[in-house]
Amino acid sequence: MKIVFATPEMVPYAKTGGLADVCGALSKELSKKEDVCAFLPNHRVVEKVAKKRKKVIDFSIKMGGDEEAVSIEVTENLGFPVFLVDCPKYFDRDYLYSTPEGDYPDNDRRFILFNLAVLKAIKELNIKPEVIHCHDWQTALIPVYIKLNHEYQGIKSILTVHNLGYQGVFPKETLYLAGFSDNEWHYERLEYWGKFSFLKAGLVYSDFITTVSPTYSREIQTSEFGLGLEGVLRSREGSLFGILNGIDNNEWNPEKDKAIFNYSSKKIKDKVLNKLSLQKKNRLVEDKDIFLMGMTTRLCDQKGLDITSSAIDDIMNMGIQLVILGTGEEKYHKLFEEVAKKYKKKIGINIKFDDKLARMIYAGCDAFLIPSKYEPCGLTQMIALRYGTIPIVRKTGGLADTIREGENGFVFENHTKEDLLSAIRRAHNTFSEKKAWAKMVKDGMKEDFSWKRSMKEYVNLYREVIKL
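The model shown is predicted, which means the values in this text are computed figures rather than measured ones.

Reading the values: rules and limits
- Residues numbered from 1 in each chain as written.
- Predicted model: local features only at pLDDT ≥ 70, side-chain atom pairs only at ≥ 80, totals over all residues.
- Heavy atoms only, no water.
- Helix = DSSP H or I, 4+ residues; strand = E, 2+ residues; numbered from the N terminus.
- Polar contact = N/O pair within 3.5 Å; in protein donor to acceptor, adjacent residues only side chain to side chain.
- Contact = heavy atoms within 4.5 Å.
- Phe/Tyr/Trp six-rings, centres within 6.5 Å; stacked < 30°, edge-to-face > 60°.
- Core = buried A, V, L, I, M, F, W, Y, C linked by side-chain atoms within 4.5 Å.
- Buried < 20%, exposed > 50% of the residue type's maximum accessible area, 1.4 Å probe, protein only.
- Axes fitted to C-alpha atoms, helices over the stretch in contact; angles between N-to-C directions.
- Parallel < 35°, antiparallel > 145°, perpendicular 65-115°, else oblique.

**Brief notes about the side chain of Q221**
Residue placement: Q221 occurs in the loop between α7 (214-219) and α8 (230-235). Within the structure, the side chain of Q221 is placed 3.0 Å from the backbone oxygen of S217, a separation counted as a polar contact. In this structure, Q221 is in contact with E230, L233, R234, E237 and L240, ignoring residues within four places of it in sequence.

**Section: the packing of aromatic side chains**
Scanning all chains against the criterion turns up 21 aromatic pairs. Here W137 and F198 contribute two aromatic rings whose centre-to-centre distance is 5.2 Å and whose plane-to-plane angle is 90°, an arrangement assigned as edge-to-face. Placement of W137 in the loop between β8 (131-135) and α4 (142-148) and of F198 in helix α6 (residues 198-205) is noted, with a sequence separation of 61 residues between them. Ring centres of W252 and Y362 lie 5.7 Å apart, and the angle between their planes is 75°; this geometry places the pair in the edge-to-face category.

**Topic: the nonpolar core**
Counting 95 residues, the largest nonpolar core has F39 and I132 as the members making the most contacts within it. Looking at this core element by element, the count peaks at nine residues for helix α3 (residues 107-124). Those residues in contact with I132 that lie beyond four places of it in its chain are V4, A6, L119, I122, I142, I146, I155, K156, S157 and I158. The next biggest cluster of nonpolar side chains, apart from the first, holds 69 residues, and it includes L278, L284, I320 and I392.

**Observations regarding the packing of helix α1 (residues 18-30) against helix α18 (residues 451-467)**
Interaxial distance between α1 and α18 falls to 10 Å at its minimum, and their mutual angle equals 75°. Considering their axes alone, α1 and α18 lie roughly perpendicular with respect to each other. Contacts from V22, A25, L26, E29 and L30 in α1 reach W451, K452, M455, Y458, V459 and Y462 in α18.

Set out below in structure tokens:
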């Protein structure tokens, strides 16, 4: 099968979150069996990674009353072609989608151009895909163009929703900028509460829709998690599938990770070296018998920082240590900086992105805290288990699909401080039972969350959509 990935970000080229990890790992795994290529914008950051590349074609894109010059470059350092849509006016920027002050005001223009450029490049380069796999709102107009334009007849589209919270909502004028007519301005098509939504457009016109976990695919059809799109999603229920994300076991491997002291499930005692190292780096009391929890996360309400911050005093009173790494909302930056002053030698706060420190947290902690309000899939719980660090999670989305109470982690139901503290107490008590804890750690490290399993599900889905 010929599969084209269209994505706004992809490791190792550009990343803001799990979307990039998924697109990089899944496309790489698929390329071992299928004919795969990928398209992404030539963001400024891509230059640092994709050094060996060549221009393959130039053309122009008509958008509104303007003609925009576009070049397509290709790099193959992943073992399959990755085409870069180069338009410096729109993609040569410090950030992918927004600055610290907010979203780029021309994000509609930027990604209309990207969607149109992908389709024009496919035609001009004679790629002839059977399926275009689109990812998130930034590529969600591709299924619309395919359905409304006969020259793309025969190409099937799949849209993966990585996080329904990001919908690409713009004024009605964006409808015309994208080249659509008033015929499409209808609540059953592209109109979205008086505005134009890229994501809704893709949900209406794609052949199949996927989400990144089975539970999330059901949750987003409810008013609690549907964020205004639950009606559209319920109407597409027969074409909506939840496929759990995976992780790259070569990328996340405690036996070979250069950022840590290496260990394995057979040499689990060596894990304690990472704990002592992490405690030292965060100026905590260095003691292997103190229960140490970690978080690497975006500091925002969605990730459960609201209930975590309200529970800090109770957590500290249990004699537990905590290390947090991440950036996010300014209110949490200030709050946790104050917490760090209050609980010196008990809590380590790192307001930054630091890949090496993240790996040290995965390897050095006893437990990994993920109290999300909602979580489409989550990769951190899978990585934590790979490193023998037991997840404490809220039962939602992919967390509910991967973590089982008392077996490979601890699960709480309600998004409340009380339920969170109850789960932490259960974990803390089990930690004191050394044999039970050691078994949980070793069993967790043996679980398989690699992409091989999920890749098979996607291949089956591609075959099904081609039959339509």
